[in-house]
There are 2 protein chains.
Amino acid sequence: MKYVTIKDIANALGISKSTVSRALSSDTRNVSERTIRRVVEMAQKMRYKKNEMAVNLRSRRAKTIGIVVPEAVTTFYLQFTTAVQRILQPQGYRIILAISDEDFLTERLNFESFDNYRVDGILISSCHHRANLEFYKEYVRRCTPMVFFDRTVADLECSSVRSDDYHSAFFLVEHLIYQGYRRILHLAGPDYIRNTSERLRAYRDVLKKHGIDYCPELVVSAGIDEVDGAEAMNRVLDAGIRCDAVFCFTELQALGAKKVLQERAIHIPSEMAIACMSGTKLATLVHPAITAVEQPVEQMAKEAVRLLLSKIENPTAPSETVVLPANMVIRSSTEK
Amino acid sequence: MKYVTIKDIANALGISKSTVSRALSSDTRNVSERTIRRVVEMAQKMRYKKNEMAVNLRSRRAKTIGIVVPEAVTTFYLQFTTAVQRILQPQGYRIILAISDEDFLTERLNFESFDNYRVDGILISSCHHRANLEFYKEYVRRCTPMVFFDRTVADLECSSVRSDDYHSAFFLVEHLIYQGYRRILHLAGPDYIRNTSERLRAYRDVLKKHGIDYCPELVVSAGIDEVDGAEAMNRVLDAGIRCDAVFCFTELQALGAKKVLQERAIHIPSEMAIACMSGTKLATLVHPAITAVEQPVEQMAKEAVRLLLSKIENPTAPSETVVLPANMVIRSSTEK
DNA sequence: ACAATTCCCGCAACCGTTCCCGGGATCCGC
DNA sequence: GCGGATCCCGGGAACGGTTGCGGGAATTGT
């Protein structure tokens, strides 16, 4: 458990620790080949491991990126994290992941912890787009390198990456209409997520475009997970509200709703279509597979990393907002 | 971007940095109440944030736990991580997560990186139970506090936590038999995962117990994910191999197999039952819901943390192997 | 009034590494 | 043989905290 230090190596070889340090970073013009060989061999023999903490303190760079995600139930954030890791690991960065568990106080704690730890930069998907606004602003003011992704925040002078929610929602709903569905139920998201209003706006705009009246009873607020989706679906059916398609805010909602439909022996898609935003592999795994809008995870990770690295290099660089197109994948749940 | 240090506070107040340090840790018997108040106020005003790296270096403790997981596709490891975080965060620990992506070289890199970083302890689920054996042994020999969980490793003098694979697999297969299924297909796991042989052994033992002949063609190796499961299922059906139930190594395999069955209009569970190990919420979300063995995640996290903390306190403490019972949840996919 | 104790605070070393600076040795050219 | 460049190496100050030790001032006891 006692770790060997460069001082130990220096003593063993009877040279100074500065030389050892230089030898280990193979600074060829300041230390002879022979010495390098001797040091490297001794380091190997003594099983020396560089203490990263000391390096970080000295260099004032942690070589670490923090990622704050709202939850770890959906695989989306993990795919994102994995993608970021694949890009940044070869560049010598460590990735720290913190899960806010949909609680904005935990999120704040996680964020502060990263900052105390002097990470080089932070990627964050906010779990509440208003509650922590002032908190974020403070960090933005202090030029902490940070980039929002997926669940971004309005009114903030900060780089962000998200997919084009409005248009993809628009196309998705319009697809339902083209398939002949008319009374489209919308399981909306909670109001603390910014995307909720975007998707609702798209929904209304599509109806207007196609001359369909907007019925308030066809829009129900339904949380984000499968329990929320199932409950909402049951409420609607029990209330006798007539509809022939469901447009869900999340994939989990859709799975919950789908299960309710199947248990009630309502056939998908002939009696009721189902489609959702935020689709992942899950939507393809079930039967029937669900038509969904999928976020371009890899692409988002790539852009987020690019923006973050640019902020790290120059904290006062102008912010950038990247909006990526999302893919709509049509599957059997909406093919009449 | 320039962070305030205790030295800055000391200068601003015209006192020494030792006093500031003591005041900030509210060392009441070595610094006066008045000074503490002045320091705390000034710290607040100057937006001082303690540099954790410096503290760690000095105290020689990173107050950090590293978790190495094989993949982040299944939610199991994230639930585990979330659970660990919930236990350890209140105790002032940070959690670092590294994803090996089922690659043992990446795993090695991740592990070494944690060690270089002098984390207090490491929780690891191995992605290959043989490839890195010598590597692990070296760390065990050096008394690095580490605990294996879920995918554990044999022949290693190290604490570990896993669920009782053999018995739960046994019960699961036996359940199929009690339901009247006789020709049970086993989609086995890859041989680099230790559990593969355990589950296969259980499968054979159940058959023997019930006097059913073991047919080699009913055991096919099938990777771990849904693509593997679907391919294997297709191969078996195309080869005309007769069976009336499928016992899957993983949940994803089961979902892949289930999809193939449904696409071929083979009814579940009347024509073919399906059951799997490593079940999560996913198994409940699909229709019909899949009978599965679920690992006691929270319990595993609790035990893993307990074992790890004990190793951290006393690195030479004797190792312990904890085997927890897993739950079998019977669902409609196996009810004839 | 004086010794003993208590109370605060500053000095300086330390954690393990990097890196600037300076100095001795060797080499080259003239 | 001498000035200057080049090559290696050691000393020591950082990075930002914590902590043992010691000392001066204030308080207490007799």
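Read on for an overview of the structure. (Residues numbered from 1 in each chain as written. Chains lettered and ligands numbered in written order. Predicted model: local features only at pLDDT ≥ 70, side-chain atom pairs only at ≥ 80, totals over all residues. Heavy atoms only, no water.)

1. Comments concerning the overall build of chain A
For chain A, the helix and strand inventory stands at 13 helices and 12 strands. The C-alpha radius of gyration of chain A comes to 26 Å, more than 25% above the 20 Å expected for a compact globule of 336 residues. Projecting the C-alpha coordinates of chain A onto the three principal axes gives extents of approximately 85 × 40 × 30 Å. When burial is assessed residue by residue, chain A has 58% of its 336 residues classed as buried. In chain A, 73% of the contacts between residues at least 6 apart in sequence involve partners at least 24 apart. With the model as given, the accessible surface of chain A reaches about 14300 Å², and the carbon-plus-sulfur share is 50%. When the 45 basic and 41 acidic side-chain charges of chain A are each reduced to a single mean position, those positions are 10 Å apart. (Helix = DSSP H or I, 4+ residues; strand = E, 2+ residues; numbered from the N terminus. Rg over C-alpha atoms; globule rule 2.2 N^0.38 Å. Buried < 20%, exposed > 50% of the residue type's maximum accessible area, 1.4 Å probe, protein only. Contact = heavy atoms within 4.5 Å. Areas by Shrake-Rupley, 256 points an atom, 1.4 Å probe, with all protein chains shown as cover. Lys, Arg positive; Asp, Glu negative; His and termini not counted. Charge placed at Lys NZ, Arg CZ, Asp CG, Glu CD.)

2. Focus on empty space enclosed by the protein
Residue and element names in this part refer to chain B. Under the definition given, this model contains six cavities of 30 Å³ or more. In this structure, the largest cavity occupies an estimated 70 Å³ of space. Residue assignment for the lining of the largest cavity shows that the elements contributing at least two residues are strand E5 (160–163) and helix H9 (195–209). A breakdown of the residues in the lining of the largest cavity according to their chemical character gives no nonpolar, three polar and five charged. Two domains each donate at least three residues to the lining of the largest cavity, and these are domain 2 (60–163 + 297–326) and domain 3 (165–295). (1 Å grid on protein atoms, 1.4 Å probe; cavity = no way out; pocket = protein on both sides within 12 Å on 5 of 7 lines; lining within 4 Å. Points joined across faces, edges and corners; volume = space filled by probe spheres on them. Nonpolar A, V, L, I, M, F, W, Y, C, P; charged D, E, K, R; others polar. Domains from an automatic or database assignment.)

3. Points about the layout of surface pockets
Its boundaries defined by the atoms lining it, the second largest pocket holds a volume of some 1100 Å³. If you list the elements that add at least two residues to the lining of the second largest pocket, you get helix H4 (52–59) of chain A together with helix H1 (6–13), helix H2 (17–24) and helix H4 (52–59) of chain B.

4. As for helix H10 (residues 226–238) of chain A
Between its first and last C-alpha, H10(A) extends 18 Å over 13 residues, near the 18 Å set by a 1.5 Å rise per residue. Listing the buried residues of H10(A) in full gives A:Glu226, A:Gly229, A:Ala230, A:Ala232, A:Met233, A:Val236 and A:Leu237. Summarising the axial view, the buried residues of H10(A) lie within an arc of 165°, below the 170-degree limit, and thus occupy one face. Each element contacted by the buried residues of H10(A) is listed here: strand E6 (184–188), strand E7 (219–221), strand E8 (245–248) and helix H11 (251–263) of chain A together with helix H12 (281–285) of chain B. The backbone nitrogen of A:Val227 has a side-chain oxygen 3.1 Å away, supplied by the residue at the start of H10(A), namely A:Asp225. Positive phi shows up at A:Gly240, right after H10(A), with a value of about 70°. (Expected span 1.5 Å × (residues − 1). Arc of directions from axis to C-beta. Polar contact = N/O pair within 3.5 Å; in protein donor to acceptor, adjacent residues only side chain to side chain.)

5. Description of the interface of chain A and chain B
At the junction of the two partners, chain A supplies 60 residues and chain B supplies 58 residues. Between chain A and chain B, the buried area comes to about 5500 Å², and carbon and sulfur atoms account for 55% of it. Considering only the surface of chain A that becomes buried against chain B, A:Met53, A:Arg118 and A:Leu285 emerge as the three largest contributors, covering 14% of it. Across the salt bridge formed by A:Asp115 and B:Lys49, the nearest N and O atoms sit 3.8 Å from each other. On inspection of chain A and its partner chain B, the count reaches 22 residue pairs in polar contact (both at pLDDT 80 or more). Secondary-structure elements contributing two or more residues to the side of chain A that touches chain B are H4, helix H5 (76–88), strand E2 (94–99), helix H6 (104–116), helix H7 (133–141), H11 and helix H12 (282–285) of chain A. (Buried area = accessible area lost by both parts, 1.4 Å probe. Salt bridge = Lys/Arg side-chain N within 4 Å of Asp/Glu carboxyl O.)

6. Quick look at the relation of the copies chain A and chain B
Take chain A, turn it by 180°, move it 0.1 Å along the axis, and it overlays chain B with an RMSD of 0.2 Å. As the rotation angle and translation indicate, the two copies are arranged about a two-fold axis. When C-alpha positions in chain A are compared against the rotation axis, the closest is assigned to A:Ile96, at 2.4 Å. The share of interface residues of chain A whose copies in chain B are also at the interface is 97%, consistent with both copies meeting through the same surface. (Least-squares fit on C-alpha atoms with pLDDT ≥ 70 in both.)

7. Here we look at the pattern of salt bridges
Under the defined criterion, the tally for this structure stands at 34 salt bridges over all chains. Of the charged contacts in the structure, one is a salt bridge between A:Asp101 and B:Arg86, with a shortest N-O distance of 2.8 Å. Of this pair, A:Asp101 sits in the loop between E2 and H6 while B:Arg86 sits in helix H5 (residues 76–88), each in a different chain. Linking A:Asp165 and A:Arg199 is a salt bridge whose minimum nitrogen-to-oxygen distance equals 2.5 Å.

8. As for the protein's contact with DNA strand C
In the vicinity of DNA strand C lie 24 residues, with A:Ser21, A:Tyr48, A:Arg58, B:Thr19 and B:Arg58 positioned nearest. For DNA strand C, the fraction of atoms within 4 Å of the protein that belong to sugar or phosphate moieties is 59%. Within the side chain of A:Ser21, a nitrogen or oxygen atom sits 2.6 Å from a phosphate oxygen of DNA strand C. Side-chain polar atom of B:Ser16 to a phosphate oxygen of DNA strand C: 2.8 Å apart, as the coordinates give it. No other element matches the four residues that helix H2 (residues 17–24) of chain A contributes to the surface near DNA strand C. (Near = heavy atom within 4 Å.)

9. A word on the sheet that holds strand E8 (residues 245–248) of chain B
All names here are of chain B. One open sheet holds the six strands; their spatial order is E7-E6-E8-E9-E10-E12, and the pairing between them is mixed. This sheet does not close on itself; its edge strands, each paired only once, are strand E7 (219–221) and strand E12 (327–329). This sheet shows a mean twist of 15° between the axes of neighbouring strands, independent of strand direction. Judged from the three bridges that link them, strand E10 (residues 291–294) and E12 form a sheet pairing that is antiparallel. In the strand pairing of E12, Val293 is matched with Met328. Against the sheet, helix H8 (residues 165–178) contacts strand E6 (184–188), E8, strand E9 (273–279), E10 and E12, and its axis sits at roughly 165° relative to E9. Contacts from helix H10 (residues 226–238) reach E6, E7 and E8, with the element oriented near 140° to E6. (Pairing = 2+ DSSP bridges. Axes fitted to C-alpha atoms, helices over the stretch in contact; angles between N-to-C directions.)

10. Points about the sheet that holds strand E5 (residues 160–163) of chain A
All names here are of chain A. Strand order in the open sheet formed by six strands is E2-E1-E3-E4-E5-E11, with parallel pairing between adjacent strands. The open sheet terminates on both sides in strands that have one partner only, identified here as E2 and strand E11 (321–324). The average angle at which neighbouring strand axes cross in this sheet is 15°, direction not considered. Summarising the sheet, E5 and E11 pair through four bridges and their orientation is parallel. Bridge pairing links Ser160 to Thr321 in E11. Seen against the sheet, H5 touches strand E1 (64–69), E2, strand E3 (121–124) and strand E4 (146–149) and runs at an angle of roughly 165° to E2.

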